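# Structural overview for review
Here is what each chain is made of, one letter per residue.
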Amino acid sequence: MNAFRAIVGVVLGFGLVSCQGPSKGIGRSTYGDRPGPKGFKTVVIDAGHGGKDSGAQVGGLMEKQLALDISKRLRAELQPGFKVVLLRSDDRFIELDDRVSLTNRYGDAVLVSIHLNYGRRSTSGPETFYWRTDSYSLARRVQVQLSAAIPNESGNAGLVRRRLRLTRNPTIPCILVECGYLTNAREAGLLTSTGYRERLAEAIARAIRDQSAHGDSGMGVLPRPIYAPPSRAGDARG
Ligand SMILES: [Zn+2]
């Protein structure tokens, strides 16, 4: 993002929902104000947290470790049909803005950020976050597939439109996936099983393959773009 676009983004951030976005490149958009991707062959996977940032920790379970494990399984599921890039493949810390910059090296691609959730003990199930119009179908497909793979859901938010660093700022379609609640004893127990984590990876891979094969077909009316400024450190859950 250059400074001009950043300023335009801030100016347009106040309620001008119906106006035309200022950035219309081929395959890239800083607003995501376009249909979802079809035919892409590259998937960027972001294993959430890492290094000094463990993410959620419950008992002996650490979000950063589970996220990396599921990310590697997802990579294996997608290869060789897709080129797969892992933003981190070991236990290292990467700033969110650096994850965005790394993602922006890739053009005809999607970003999937993998996380585990933390909340009330009674809450369980997957949640998938998107912000942009171009990311809606992929997010919905992932949420549907995960929901089918996860045996119990209770009190979870499901598919959520939320402006986060990794759902707003990359130039390619981008979603953030919470693969279950570490604070739910039953779900945490399942997550300790390699077979269960493999099932989650298979479900996410299926959604990505469907998106590449079918684009937005069957997804109905896409949500309207919202020309909000980039998410920054200090934004809620940014
Ligand atoms: Zn997380």
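Keep in mind that this is a model prediction, so the values were computed, not measured.

Cut-offs applied
Residues numbered from 1 in each chain as written. Predicted model: local features only at pLDDT ≥ 70, side-chain atom pairs only at ≥ 80, totals over all residues. Helix = DSSP H or I, 4+ residues; strand = E, 2+ residues; numbered from the N terminus. Buried ≥ 20, exposed ≤ 12 C-beta atoms within 10 Å, placed from the backbone. Contact = placed C-beta atoms within 7 Å. Pairing = 2+ DSSP bridges. Axes fitted to C-alpha atoms, helices over the stretch in contact; angles between N-to-C directions. Expected span 1.5 Å × (residues − 1). Core = buried A, V, L, I, M, F, W, Y, C linked by C-beta atoms within 7 Å.

Another point: the overall build of the chain. Scanning the chain from terminus to terminus reveals 7 helices and 8 strands. For the chain, the proportion of its 238 residues judged to be buried stands at 45%. A sequence separation of at least 24 residues applies to 82% of the contacts in the chain between residues at least 6 apart.

What follows deals with the sheet that holds strand S1 (residues 42-47). Reading across the sheet, the 6 strands line up as S4-S1-S5-S8-S6-S7 and stay open at both edges, with mixed pairing between neighbours. This sheet does not close on itself; its edge strands, each paired only once, are strand S4 (83-86) and strand S7 (158-161). Within the sheet, the average angular offset between the axes of one strand and its neighbour, ignoring direction, is 20°.

For the rest of this paragraph, the subject is the environment of Arg-186. By the element assignment, Arg-186 lies in helix H6 (residues 185-191). The class of Arg-186 is partly exposed, set by 14 C-beta atoms lying within 10 Å. Separated by 64 residues in sequence, Arg-186 and Ser-122 place their C-alpha atoms 9.6 Å apart. Once residues within four sequence positions are removed from consideration, Arg-186 is found in contact with Ser-124 and Asn-152.

With 14 residues, helix H4 (residues 136-149) should cover 20 Å at 1.5 Å per step; its first-to-last C-alpha distance of 20 Å lies within 8% of that length. Among the structural elements, strand S5 (109-117), strand S6 (127-130), S7, strand S8 (174-181) and helix H7 (194-214) are those in contact with the buried residues of H4.

On to the environment of Ala-201. When you line up the elements, Ala-201 lands in helix H7. A tally of 23 C-beta atoms within 10 Å means that Ala-201 is categorised as buried. The spatial distance from the C-alpha of Ala-201 to the C-alpha of Arg-73 is 5.8 Å, given a sequence separation of 128 residues. Leave out the neighbours within four places in its chain, and Ala-201 touches Ile-70, Arg-73, Leu-74 and Glu-77.

The next subject is unusual backbone geometry. A cis amide bond links Gln-79 with the next residue in sequence, Pro-80, at an omega value of 5°. Among the structural elements, Pro-80 can be located in the loop between helix H2 (63-78) and S4. The backbone of His-49 shows a phi angle near 65°, a positive value even though the residue is not glycine. By secondary structure assignment, the location of His-49 is in the loop between S1 and strand S2 (57-58). For His-49, a count of 24 C-beta atoms within 10 Å gives the class buried.

One finds Val-43, Val-110, Val-112, Ile-175 and Ile-204 to be the most contacted residues of the largest nonpolar core, which totals 50 residues. Taken together, the elements giving at least two residues each to this core come down to S1, H2, S5, S6, H4, S8, H6 and H7. A total of 7 residues in this core trace back to one element, the largest contributor, which is H7. Setting aside residues up to four positions removed in sequence, Val-110 forms contacts with Pro-37, Phe-40, Val-43, Val-44, Leu-138, Ile-172, Pro-173 and Cys-174.

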